[in-house]
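So the chains spell out like this:
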Amino acid sequence: MDFQSITFYFFATVLVASALGVITARNPVHAALLLVLAFFTCAGLWLLLQAEFLAITLVLVYVGAVMVLFLFVVMMLDINLDRMREGFWKWFPFGALLALVMLAEISMVLMGRKFSADQIPTPPLRAADYSNTKELGRLIYTEYVYAFELAAVILLVAIVAAIALTLRRRVGPRFMEPSEQVKVKRSDRVRMVSMPSEKKE
Amino acid sequence: MEYAQQLFGQFFGADWGSALFSLTKNLVLILAIVLPLLLSVAYLTLAERKIIAFMQIRVGPNRVTLFGIPWLAGWGQPMADAVKALMKEIIIPNGANKFLFIMAPILTIAPALAAWAVVPFSPEVVLADINAGLLYILAMTSMGVYGVIIAGWASNSKYAFIGAMRCAAQVVSYELAMGFALVCVLMMSHSLNLGDIVKGQEGGSFVNWYLIPLFPMFLVYFISGVAETNRAPFDVAEGESEIVAGFHVEYSGMAFTVFFLAEYSNMILVATLASLIFLGGWLPPFDIAPFTMIPGFIWLLLKIAFLLFFFLWFRATFPRYRYDQIMRLGWKVFIPMTLVWIVLLGSVMQLPASVLGSFPLNLWFH
């Protein structure tokens, strides 16, 4: 076994272990952090495939931005595990069915003749100065330009929708009204509360 | 070098020898970058205290000397601070997530140091001369925010948590502006490799540096860099007057110091990148005799020191931004500004070759 395969098996083991951790971890923050680890090791595997642009973009976009926002939300949640487990058996048949369909789809793709290893030609080893980034840029803006622009427009629509949903205009100006301030009485602002003193436990 | 390689080959066999040799070689080279970096971090803290003291008409640290030499008074302060931090106890608060609490400082410092792998110090001196160098640095610096978020969450403290939340939103917002500012640089240099970007700025004098055609982008990049490193006036993640010390309020001793090291090495990284991609890196300001006699490495260091001075100056000068103002500056000022500049630059680059080849455009577009 040479150095490269050891690196591969190391990354692959960590990837599979952390991916399993994502779906088995009790704490959602742990699950999200394990997903970060999974993305990172996946980027390592892509680097081994000489796809350095995709690998770095995976880290930059998913690890650096998407998962940060994800963690942001997950950390804010107050999750009650008992309540989440309540409907387990009720939803189990549905979940099992979904899992079976996905399993069938994955095996159809992987077992199919078109994707078997001997059907896919081994990509040639590239020289060190071969720029993955340039090649991708050329393809995106020439051959796949319509698909690329379509994806961009869909994202733009999503951005506009998100802004439209959260846009709030202030009702009324933010000025002080001196006359109202002068008219204020003590009873409008201060409320006397009588609280019995608490005993030290 | 070749002798050592042969030795490895004989010892471990041909296949393993070369792999282990490059591993050992890279480890030595990594140390050659990290040790001077940590030393400059130590002295950057001293410089910060001295400079801010000067601006506030104080003296600053002036007690601890080096080797007992009187005129080096104050120069031993970073060493004394390091020893003090090492001796202190690391307290893990009750109810904290122990594993993540310890991991957080490590996750902060590791990307901060890893980003230095692709930084060139002169045309030949670079650890990893990879094609997508700039992207790699962006990816690494965006990893740094995890340390802060995890620290805030694992501390099981409200102040720390608020600091982490502020930091997450701030860093993600300013990363976009930073990335767009760098896109302009990539458009001009046709390369993601930092060495090639510096070579694209060659041409005789400082007029050829990308600072001149991309001046607004330099401002956006540098200010975003200040925000990204959570330095004043963008230090709401720490905000010592509002949330005590923000995300590292529960940290003590060496664990706290590691956060500090990461912050300062990130500062140096931002200054280094800005001098490489906007200020011509190791190129002298004029390509004539007295300037060319100084080695390029010294020029790079001078530029880095110059930009670092701004970091310290900002801290002594500006009051802290309010949180909503930070968001407004990032999303409503910087990002539209960079987008307009990208379109403008793209249009200029589409001009006919005769226009691009004439003065003054021929200074930057080749």
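What you see as residue numbers is a count from 1 along each chain, following the sequence as written. Written order decides the labels, with chains lettered from A and ligands numbered from 1. Local features in this predicted model are restricted to residues whose pLDDT is 70 or higher, and side-chain atom pairs enter the listing and the counts only when it is 80 or higher, whereas totals over whole chains, interfaces and linings include all residues. With hydrogens and water set aside, each side-chain value is computed from the structure's full complement of heavy atoms.

Draft legend 1. Fine view of the overall build of chain A. What chain A contains, in helices and strands, is 9 helices and 0 strands. Listing each helix as α and each strand as β along chain A from the N terminus yields α-α-α-α-α-α-α-α-α. Taken over C-alpha atoms, the radius of gyration is set against a globule rule of 2.2 Å times the number of residues to the power 0.38. At 28 Å, chain A has a C-alpha radius of gyration far larger than the 17 Å of a compact globule built from 201 residues. Overall size of chain A, expressed as C-alpha extent along the three principal axes, is 85 × 50 × 35 Å. For chain A, buried positions account for 16% of its 201 residues. Considering only contacts in chain A between residues 6 or more positions apart, those separated by 24 or more positions represent 54%. All accessible areas in this document rest on Shrake-Rupley with a 1.4 Å probe, and a residue is counted as covered only by the protein chains that are shown. Of the roughly 17200 Å² of accessible surface on chain A, 68% is carried by carbon and sulfur atoms. Numbered from the N terminus, helices here are DSSP runs of H or I no shorter than four residues, and strands are runs of E no shorter than two. To sort residues, take the accessible area from a 1.4 Å probe on protein chains only and compare it with the maximum for the residue type: under 20% means buried, over 50% means exposed, and anything in between is partly exposed. Contacts between residues were defined by any pair of non-hydrogen atoms, one from each residue, lying within 4.5 Å.

Draft legend 2. Up close: the packing of aromatic side chains. Residue and element names in this part refer to chain B. Note on aromatic contacts: the rings of Phe and Tyr and the six-membered ring of Trp form a pair at centre separations within 6.5 Å, being stacked when their planes are under 30 degrees apart, edge-to-face when over 60 apart, and tilted otherwise. With the rule as written, the count across this model stands at 29 aromatic pairs over all chains. Between the aromatic rings of Y221 and F278, the centroid separation amounts to 5.9 Å while the plane-to-plane angle is 45 degrees, which identifies the pairing as tilted. Of the two residues, Y221 sits in helix α7 (residues 215–228) while F278 sits in the loop between α8 (253–277) and α9 (289–292), which places them 57 residues apart along the sequence. As far as burial versus exposure is concerned, Y221 and F278 are alike and both buried. Ring pairing ties together the aromatic residues F215, F218, Y221, F222, F278, F306, F309, F310, F311, W313, F314 and F318, which thus form one cluster.

Draft legend 3. Looking closely at helix α2 (residues 28–48) of chain A. Residue and element names in this part refer to chain A. In this analysis, the expected span of each helix is defined as 1.5 Å times one less than the number of residues it contains. Here α2 spans 30 Å end to end across 21 residues, near enough to the 30 Å set by a 1.5 Å rise per residue. Among the residues of α2, V29, A31, A32, L33, V36, A38, F39, T41, C42, A43, G44 and L45 are the ones counted as buried. In the segment just after α2, Q50 is the residue with positive phi, at about 65 degrees.

Draft legend 4. The interface of chain B and chain A, seen in detail. Tallying the contact residues gives 27 residues for chain B and 32 residues for chain A. Accessible surface is computed with a 1.4 Å probe, and the buried area is the amount of it that two parts give up when combined, taken over both parts together. Summing both partners gives a buried area of about 2400 Å² for chain B against chain A, and 80% of it is carried by carbon and sulfur. The largest share of the area that chain B buries against chain A comes from B:N131, B:Y146 and B:W153, three residues that together contribute 24% of it. Whenever a carboxyl oxygen of Asp or Glu lies within 4 Å of a side-chain nitrogen of Lys or Arg, that contact is scored as a salt bridge. Between chain B and chain A we count 0 salt bridges in total.

Draft legend 5. Expanded view of the packing of helix α4 (residues 133–154) of chain B against α8(B). Residue and element names in this part refer to chain B. Convention adopted: a line fitted to C-alpha atoms gives each axis, helices being fitted over their contacting stretch, and angles between N-to-C directions are expressed from 0 to 180 degrees. The contact between α4 and α8 brings their axes to 12 Å, and the two run at 155 degrees. The angle between the axes of α4 and α8 places the two elements in the roughly antiparallel class. In the crossing of α4 with α8, the sense of the turn from one axis to the other is left-handed. Residues L134, I137, T141, G147 and A151 of α4 touch α8, and the partners they reach there are F259, L269 and L273. Any residue outside Ala, Val, Leu, Ile, Met, Phe, Trp, Tyr, Cys, Pro, Asp, Glu, Lys and Arg is labelled polar, Gly included; the first ten of those are nonpolar and the last four are charged. In terms of residue class, the contact of α4 with α8 is made up of 6 nonpolar, 2 polar and no charged. Roughly parallel means an angle under 35 degrees; roughly antiparallel, over 145; roughly perpendicular, 65 to 115; everything else is oblique. By the definition used in this description, the sense in which the near helix is turned from the far one sets the handedness, with an anticlockwise turn below a right angle giving left-handed and a clockwise turn giving right-handed.

Draft legend 6. Main features of unusual backbone geometry. Residues and elements named next belong to chain B. Despite not being glycine, N156 has its phi angle at roughly 55 degrees, a positive value. Here H190, not a glycine, exhibits a phi torsion of approximately 55 degrees, which is positive. One can find H190 in the loop between α5 (158–189) and α6 (194–199).

Draft legend 7. Geometry of the confidence of the model for chain A. Looking at chain A as a whole, the pLDDT averages 84, with 92% of positions reaching at least 70. One number per residue, pLDDT, summarises how confident the predictor is, and it ranges from 0 to 100. In the model of chain A, helix α4 (residues 81–85) of chain A stands out as the element of lowest mean pLDDT, 69, in contrast to helix α7 (residues 145–166) of chain A, which has the highest, 92.

Draft legend 8. Seen up close, the side chain of B:Q201. Residue and element names in this part refer to chain B. Checked against the element boundaries, Q201 lands in the loop between α6 and α7. Identification of polar contacts relies on pairs of N or O atoms within 3.5 Å, with a donor-acceptor requirement for protein atoms, meaning one able to donate a hydrogen and the other able to accept it, and with residues adjacent in sequence counted only if both atoms are side-chain atoms. Engagement of the side chain of Q201 in a polar contact is seen with the backbone oxygen of I277, the distance being 3.3 Å. Residue contacts for Q201: discarding those within four places in its chain leaves N208, W209, Y210, L276, I277, F278, L279, G280 and L283.

Draft legend 9. Structural detail: the confidence of the model for chain B. In this model, chain B carries an average pLDDT of 85, and 99% of its residues clear a pLDDT of 70 or more. Overall fold confidence for the complex sits at a pTM of 0.83, while the interface term, ipTM, reaches 0.80.

Draft legend 10. Region of interest: the nonpolar core. All names here are of chain B. Remark: nonpolar core denotes a set of buried residues (Ala, Val, Leu, Ile, Met, Phe, Trp, Tyr, Cys) joined through side-chain atoms within 4.5 Å. Counting 119 residues, the largest nonpolar core has Y146, L214, Y221 and F278 as the members making the most contacts within it. Looking at which element gives the most residues to this core, the answer is α4, with 16 residues. When sequence neighbours within four positions are dropped, the list of residues in contact with F278 reads V185, Q201, W209, Y210, L211, L214, M217, F218, Y221 and L273. Of all hydrophobic cores here, the second largest spans 5 residues; its members include A42, Y43, L46 and L72.

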